[in-house]
Amino acid sequence: MTIRDRLFLAMVAVLPLHTVYLSAWISWKPFLVLTAVVAVGDLIDGLRERRWPWHRRTSLALALFLAVVVIGFPIPEHRDRFIRLFLALIVGGLVMLVTARTLPRPGMVDRTLRAVFWGAVAMGVTGLVISVALVGVLGNDVINYLTGAVGYD
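Computed from a prediction, not measured in an experiment: that's the story for all the values here.

Student: An account of the environment of isoleucine 143 is requested, with residue identities and associated values reported.
Tutor: By the element assignment, isoleucine 143 lies in helix H6 (residues 140–148). The spacing of isoleucine 143 and alanine 133 is 10 residues in sequence and 6.5 Å in space, taken between C-alpha atoms. Once residues lying within four places of it in the same chain are set aside, the contact partners of isoleucine 143 are Ala133, Leu134, Val135 and Gly136.

Structure follows, in structure tokens:
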């Protein structure tokens, strides 16, 4: 398995973290960094081989979709919200492109499903432990420490 494949699996493993708002830095940055590294690696490979690195029809569909979204650029009052949404769509499109390039490789579907499973297990166990601690099973000192911890909102 290549380093690129391992980075892709790490990206898949931390993908659910961006839906959990513990703190702004932990929600998006690990996922964005891994996505950018995998996408830039694909782009460098494509330039080296002198070909487009991702699936052509998927790339064209994404480009057309983003163009249609840009056409609907809103009035100035909603510009910031629109830009955040547009950037999220670009990141989602990059995830789609790198996934479409990675999954056809031998064994990557099984490895990706294992990464998804263990990422879900880690989130479930973490949620259970935090819930049990916050309910008070571990005592008041733990509740006071957790509610005062940095990054807890």
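Okay, back to it.
Student: Quick rundown of the nonpolar core? Include the residues and the values.
Tutor: Membership of the largest hydrophobic core comes to 21 residues, with the highest contact counts inside it found for Phe8, Met11, Phe31 and Val98. Only helix H1 (3–14), helix H2 (24–49), helix H3 (56–71), helix H4 (79–102) and helix H5 (108–135) provide two or more residues apiece to this core. Those residues within four positions of phenylalanine 8 in sequence are excluded, and the remaining contacts are Val38, Val98, Thr99, Thr102, Met108 and Thr112.

Student: Describe H3, naming the residues involved and giving the relevant values.
Tutor: The end-to-end C-alpha distance of H3 is 23 Å, a good match for the 22 Å that 16 residues give at a rise of 1.5 Å each. The elements touched by buried residues of H3 are H4.

Student: An account of the confidence of the model for the chain is needed here, citing residue identities and associated values.
Tutor: Per-residue confidence for the chain gives a mean pLDDT of 82, with 88% of residues at or over 70. Averaged over each element, pLDDT in the chain is lowest for H6 (72) and highest for H3 (90).

Student: So what's going on with the packing of aromatic side chains? Which residues, and what values?
Tutor: Counted by the stated rule, this structure contains three aromatic pairs. Here phenylalanine 117 and tryptophan 118 contribute two aromatic rings whose centre-to-centre distance is 5.0 Å and whose plane-to-plane angle is 80°, an arrangement assigned as edge-to-face. Among the residues examined, phenylalanine 117 registers a relative accessible area of 49% and is labelled partly exposed. Given the relative accessible area of 53%, tryptophan 118 is considered exposed.

Student: Quick rundown of the pattern of salt bridges? Include the residues and the values.
Tutor: Enumeration over the complete set of coordinates arrives at six salt bridges. Salt-bridge contacts for aspartate 5 lead to arginine 4; the nearest nitrogen and oxygen are separated by 3.9 Å. Per residue, the accessibility class of aspartate 5 equals that of arginine 4, and both read buried. Here arginine 101 makes a salt bridge to aspartate 42, at a shortest N to O gap of 2.5 Å. You can see arginine 101 sitting in helix H4 and its partner aspartate 42 sitting in helix H2, a full 59 residues away along the chain. Residue arginine 101 is classed as buried on the basis of its relative accessible area, which comes to 16%. In this structure aspartate 42 comes out as buried when scored by relative accessible area, which is 0%. Here the residues in one salt-bridge network are Arg4, Asp5, Asp42, Arg101 and Arg105, joined through shared partners.

Quick notes on the rules
- Residues numbered from 1 in each chain as written.
- Predicted model: local features only at pLDDT ≥ 70, side-chain atom pairs only at ≥ 80, totals over all residues.
- Heavy atoms only, no water.
- Helix = DSSP H or I, 4+ residues; strand = E, 2+ residues; numbered from the N terminus.
- Contact = heavy atoms within 4.5 Å.
- Core = buried A, V, L, I, M, F, W, Y, C linked by side-chain atoms within 4.5 Å.
- Buried < 20%, exposed > 50% of the residue type's maximum accessible area, 1.4 Å probe, protein only.
- Expected span 1.5 Å × (residues − 1).
- pLDDT = per-residue confidence, 0-100.
- Phe/Tyr/Trp six-rings, centres within 6.5 Å; stacked < 30°, edge-to-face > 60°.
- Salt bridge = Lys/Arg side-chain N within 4 Å of Asp/Glu carboxyl O.

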